[in-house]
Amino acid sequence: MVKTTLPGLRSEMTRFNQVALWHPGHSSVPSKKTPERSLWVDYCENSTIHGFKYFVGSKRTLVERIWWIIVCLLSVYGCGKLIYSIYNKWDLEPVVVTFAEKSIPVYTIPFPAIMVCPEIKARREVFNFTNSYELYSEPGIAQFMAKAQVDRLEALLQVCDFSFGVDMNNSSYDDDLAARLQEMAIPFEDIFVSCGWRARPVDCGLLFKKQFTEAGICYTFNSLAADDLMRKEALHPDYVFPEENISSMFWSMDEGFREGAAGDSYPRRTFGAGIRAGMFVILKARMKDADYLCSNSFQGFKVHLYPPHQYPRVYNQFFRIPLGQEVSVSVDPLVIDTSPKIKSYNSQRRKCFYNRERRLRFFKLYTKNNCETECLSNYTLQSCGCVQFALPRSPEARVCGLGKASCCDQALSMLEQMDLLHEMNRSNNFLEHCNCLPSCNTVYYNTEISQAQFDWRMLAEKIRLISHEIDETELSLLTVHFKVSRVIPVRRSELFGVTDFLANCGGILGLFMGVSILSIVEILYYCTLKPFMARRRTDQAASVATKSKLILPPTGPPRKEAMKW
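Residues numbered from 1 in each chain as written. Predicted model: local features only at pLDDT ≥ 70, side-chain atom pairs only at ≥ 80, totals over all residues. Heavy atoms only, no water.

S.K.: Give a description of the overall build of the chain that names residues and reports values.
M.R.: From N to C terminus, the chain includes 17 helices and 17 strands. Residues classed as buried in the chain amount to 45% of the 565 residues present. Counted over contacts in the chain with a minimum sequence separation of 6, partners at least 24 positions apart contribute 74%. Summed over its atoms, the accessible surface of the chain is roughly 31,300 Å², and 56% of this surface lies on carbon and sulfur atoms. (Helix = DSSP H or I, 4+ residues; strand = E, 2+ residues; numbered from the N terminus. Buried < 20%, exposed > 50% of the residue type's maximum accessible area, 1.4 Å probe, protein only. Contact = heavy atoms within 4.5 Å. Areas by Shrake-Rupley, 256 points an atom, 1.4 Å probe, with all protein chains shown as cover.)

S.K.: Residues and numbers for the pairing of strand β3 (residues 113-118), please.
M.R.: When you tally the buried positions in β3, you get 6 out of 6 residues, the bulk of the element. Of the two faces of β3, both are covered, the one formed by Ala-113, Met-115 and Cys-117 as well as the one formed by Ile-114, Val-116 and Pro-118. Here β3 pairs with strand β11 (residues 300-306) via 6 bridges, running antiparallel. In the strand pairing of β11, Ala-113 is matched with Tyr-306. Sheet analysis places β3 next to strand β7 (residues 216-221), joined by 3 bridges and oriented antiparallel. (Pairing = 2+ DSSP bridges.)

S.K.: Give me the lowdown on the packing of aromatic side chains, citing residues and values where you can.
M.R.: According to the stated counting rule, one finds 23 aromatic pairs in the structure shown. Ring-pair connections join several aromatic residues into one group, and the members of that group are Phe-111, Phe-188, Phe-192, Trp-197, Phe-208, Tyr-219, Phe-221 and Phe-482. Across the ring face of Phe-257, the terminal group of Arg-269 is positioned such that the distance to the ring centre comes to 4.2 Å. A cation over a ring is seen here: Arg-349 above Tyr-345, with NZ or CZ 4.7 Å from the ring centre. (Phe/Tyr/Trp six-rings, centres within 6.5 Å; stacked < 30°, edge-to-face > 60°. Lys NZ or Arg CZ within 6 Å of the ring centre and 35° of its normal.)

S.K.: Now, about the state of the cysteines: what can you tell me, with residues and values included?
M.R.: Using the criterion set out here, one finds 8 disulfides in the structure. Bridging Cys-160 to Cys-294, the disulfide has an S-S length of 1.7 Å. On the sign convention where negative is left-handed, the bridge of Cys-160 and Cys-294, at about -90° about the S-S bond, is left-handed. In this pair, Cys-160 sits in the loop between α5 (147-157) and α6 (177-184) while Cys-294 sits in the loop between β10 (279-286) and β11, placing the two residues 134 residues apart along the sequence. Exposure class is identical for Cys-160 and Cys-294. Each is buried. Left without a disulfide partner, Cys-72 is nearest to the cysteine sulfur of Cys-44, which lies 9.2 Å away. Relative accessible area serves as the criterion here: at 7%, Cys-72 is assigned to the buried category. As a non-bridged cysteine, Cys-408 has Cys-400 as the owner of its nearest cysteine sulfur, 3.6 Å distant. (Disulfide = S-S within 2.5 Å.)

S.K.: Let's hear about the packing of helix α3 (residues 62-92) against helix α15 (residues 498-513): which residues, and what values?
M.R.: α15 packs onto α3 with a crossing angle of 165° between their chain directions and a minimal axis gap of 10 Å. One way to sum up the angle between α3 and α15 is to call them roughly antiparallel. For α3 against α15, the interelement crossing comes out right-handed. Touching Ser-75, Val-76, Cys-79, Leu-82, Ile-83, Ile-86, Tyr-87 and Trp-90 of α3 are Val-498, Phe-501, Asn-504, Cys-505, Ile-508, Leu-509, Phe-512 and Met-513, all from α15. Taken together, the residues of the contact of α3 with α15 sort by class into 14 nonpolar, 2 polar and no charged. (Axes fitted to C-alpha atoms, helices over the stretch in contact; angles between N-to-C directions. Parallel < 35°, antiparallel > 145°, perpendicular 65-115°, else oblique. Left-handed = near helix turned anticlockwise from the far one by under 90°. Nonpolar A, V, L, I, M, F, W, Y, C, P; charged D, E, K, R; others polar.)

S.K.: Residue-level account of the confidence of the model for the chain, with values.
M.R.: Per-chain confidence: the chain averages 83 in pLDDT, with 85% of residues scoring 70 or above. Confidence scores differ between elements of the chain, with helix α17 (residues 560-563) showing the lowest mean pLDDT of 44 and β3 the highest of 96. Taken as a whole, residues 1-36 scores under 50 in pLDDT and shows 30 contacts with residues more than four places along the chain or in a different chain. Every residue in residues 560-565 is under pLDDT 50, and counting partners more than four places away or in other chains gives 6 contacts. (pLDDT = per-residue confidence, 0-100.)

S.K.: Any details on unusual backbone geometry? Residues and values, ideally.
M.R.: A cis amide bond, omega 0°, links Tyr-266 with the succeeding residue Pro-267. When you line up the elements, Pro-267 lands in the loop between β9 (256-257) and β10. Positive phi values are uncommon outside glycine, yet Ala-199 reaches one of about 70°. Mapped onto the secondary structure, Ala-199 falls in the loop between β4 (192-197) and β5 (200-202).

S.K.: I'd like to hear about the sheet that holds strand β6 (residues 208-213), residue by residue, with values.
M.R.: Read from one edge to the other, the open sheet built from 5 strands follows the order β6-β7-β3-β11-β12, with strand pairing classed as antiparallel. What marks the edges here is a single partner per strand, and that holds for β6 and β12 (319-322). Recorded for the sheet is a direction-independent mean angle of 30° between the axes of neighbouring strands. As judged from the 4 bridges shared by β11 and β12, these two strands associate in the antiparallel manner. Of the residues in β12, the one forming a bridge with Val-303 is Phe-319.

S.K.: Before we move on, could you go through the pattern of salt bridges and cite the residues and values that matter?
M.R.: This model, assessed by the stated rule, comprises 20 salt bridges. A salt bridge links Arg-320 to Glu-119, with the shortest nitrogen-to-oxygen separation between them at 2.8 Å. Of this pair, Arg-320 sits in strand β12 while Glu-119 sits in the loop between β3 and α4 (129-137), placing them 201 residues apart in sequence. Residue classification places Arg-320 among the partly exposed residues on the basis of a relative accessible area of 33%. Assessed through its relative accessible area of 3%, Glu-119 is described here as buried. The salt bridge partner of Glu-396 is Arg-361, with a shortest N-O separation of 3.7 Å. Here Glu-396, found in the loop between α10 (368-384) and α11 (405-416), pairs with Arg-361, found in the loop between α9 (347-350) and α10; they are 35 residues apart in sequence, far enough to count as distant. (Salt bridge = Lys/Arg side-chain N within 4 Å of Asp/Glu carboxyl O.)

S.K.: Help me get a handle on the nonpolar core, residues and values and all.
M.R.: Residues Ile-114, Phe-129, Phe-208 and Leu-478 are the most contacted members of the largest nonpolar core, which totals 93 residues. Looking at this core, the element that brings in the most residues is α5, giving 5 residues. Those residues within four positions of Ile-114 in sequence are excluded, and the remaining contacts are Phe-208, Tyr-219, Thr-220, Phe-221, Met-279, Val-303, His-304, Leu-305, Leu-478 and Val-480. Among the nonpolar cores identified, the runner-up in size contains 18 residues, and Val-56, Cys-79, Cys-505 and Ile-508 belong to it. (Core = buried A, V, L, I, M, F, W, Y, C linked by side-chain atoms within 4.5 Å.)

As structure tokens, this is what we get:
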């Protein structure tokens, strides 16, 4: 006889009842298929998404359910289409260009670089272009001309504004062109009479430096040094670099002037508007050196204004200064600025490059003009087998002669039409690789030009600008200054950020279907956690039922011995 205490008996009977409830034959044992069938119904009945509760329910007919399913599918389609359009706008047009909130003073931007190119290319005593051309044009005389005279004629034909055309059977290459042009060039002291900067006279030799361009020998003011602008190691050993050598270590186009940079830091900057805060230069030309055939009847100077970190291209944009005239240039700067948030965007999305973001072969600093100049040099080399004398070129490239002039002009025309040909899907594969996007941070100098007669002879003897040859000399005066002391930049800023994109998507989903973040969490819950927990409970119940077969007591009334106290 087994003796059992009252608490022990109660515990044993409780365990027996729990096991009996999970017996395989008991009606309360959950089926493995029941949770899977009811999961969809459970979600529809409890979902916060509008319309889903009408999919289920015993009181709704099949027609009602189909109607609600169609309505919800149309809502999902409308949401998807609108969200796709918002995504395209966010992906393709994430940047908006607007005016900045505040103006900036002009001393935060550099004064423009100024290039002066005389129309008179050579001293009459050194070489007479008109006489040489007339001799060459006479039948049977060209063959008796000295080779040096023909070489100089060919050299000047590449820099003169000569529009009459000439048929010369010269070679296709002219590697000594730069040396011949420098031999014939007008001396510096015969071009510049007097200069001034910010209302103070300054030696012209300190302001203007020689530079070789497509217009011949020119002189630049406030342009970056070759060490800061160009990669000398990538250029031809005979390439003529600008003579400017002042470092611009305290300035960059992306960052501006460093904090604490002195007022005389380079590139030069001014601190206000008006003539007293600008630059002036008096230019001189000897009339006996004038050659109207070379310059197409115009005598004077070409002037090109451009950003200091840009490679100058005189024929892209210039204005003229006639002899005996005073030309005043009022500069209205247009500053392009970019918000720091845009920097994380891909360059193709923001449609611009930072000045040191994209590496160029010949230039250390990126600008659209520098990129196009390098692209033109490479394309001309590929098409013509040589490069124009004024363009930067690789060590293996040769200088094109007059025989390649038409090929060089065609290459330049192709580059100018690159954007149009790209839109027409007819662009050259080589030009496609140029990818010359605008600079993210840059400055453009819009100009307003006024002109008047310069009666310099009335004061020449008194102020002693020139001591001799007054009757054979003509002077011109150029002044350049800022029009305003403060400018409002044009800023590229973020049109659609991640926050704006999510807000627009949430608004559309909420309007059409009442979807929120919790609605998405609900879907994840019913797709992951809830079925997992339901399956786990089912497996636990099955495991307990299997174990109960081993410990379940035999059927029938319990033995009397076990019921005795």
